[in-house]
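Tertiary structure, described
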Amino acid sequence: MPKMKTHRGAAKRFSVTGTGKVKRSKANTSHILTPKTTKRKRNLRKSAILDHTNEKAMRKLIPYL
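All of the points below concern the structure found in this document. Keep in mind that this is a model prediction, so the values were computed, not measured.

1. Comments concerning the nonpolar core
Formed by Ala10, Ala11, Phe14, Val22, Leu50, Met58 and Ile62, the largest nonpolar core amounts to seven residues. Here alanine 10 is in contact with Met58, Leu61 and Ile62, once residues within four sequence places are set aside.

2. A few points about the pattern of salt bridges
Under the criterion given, the structure shown has one salt bridge. The residue glutamate 55 makes a salt bridge to arginine 59 at a minimum N-O spacing of 3.2 Å. Of this pair, glutamate 55 and arginine 59 both sit in helix H3 (residues 52–61), separated by four residues, roughly a single helical turn.

3. Topic: the sheet that holds strand E2 (residues 22–24)
Strand pairing in a sheet is mediated by backbone hydrogen bonds. Such pairs are either parallel or antiparallel. Strand order in the open sheet formed by three strands is E1-E2-E3, and the pairing between neighbours is antiparallel. Each edge of the open sheet is held by one strand with a lone partner, namely strand E1 (14–16) and strand E3 (48–49). Examined bridge by bridge, E1 and E2 share three bridges and lie antiparallel to one another. The residue of E2 that forms the bridge with valine 16 is valine 22.

4. What to know about a positive patch on the surface
On the surface, a cluster of positive charge is made up of Lys39, Arg42, Arg45 and Lys46. Tracing the sequence through the fold places lysine 39 in helix H2 (residues 38–44). A relative accessible area of 56% places lysine 39 in the exposed class.

What counts, and where the lines are drawn
Residues numbered from 1 in each chain as written. Predicted model: local features only at pLDDT ≥ 70, side-chain atom pairs only at ≥ 80, totals over all residues. Heavy atoms only, no water. Core = buried A, V, L, I, M, F, W, Y, C linked by side-chain atoms within 4.5 Å. Buried < 20%, exposed > 50% of the residue type's maximum accessible area, 1.4 Å probe, protein only. Contact = heavy atoms within 4.5 Å. Salt bridge = Lys/Arg side-chain N within 4 Å of Asp/Glu carboxyl O. Helix = DSSP H or I, 4+ residues; strand = E, 2+ residues; numbered from the N terminus. Pairing = 2+ DSSP bridges. Patch = residues over 30% accessible without salt bridge, like charges linked within 9 Å, V, L, I, M, F, W, Y side chains within 5 Å. Areas by Shrake-Rupley, 256 points an atom, 1.4 Å probe, with all protein chains shown as cover. Lys, Arg positive; Asp, Glu negative; His and termini not counted. Charge placed at Lys NZ, Arg CZ, Asp CG, Glu CD.

Below, the structure written as structure tokens:
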């Protein structure tokens, strides 16, 4: 059986932590920032852990990361 290919779009957006969790960045940070509060923009800078319901699908896309 051949090796699986990594989904390059997913590899650029997700990474795996040392404990094996999938890390993602938050949305709504690229434009239309004026109406958003400073507190909201500050919290959007932090990374988040992927929800466990989506984790199985993401593991198929990034098998070797």
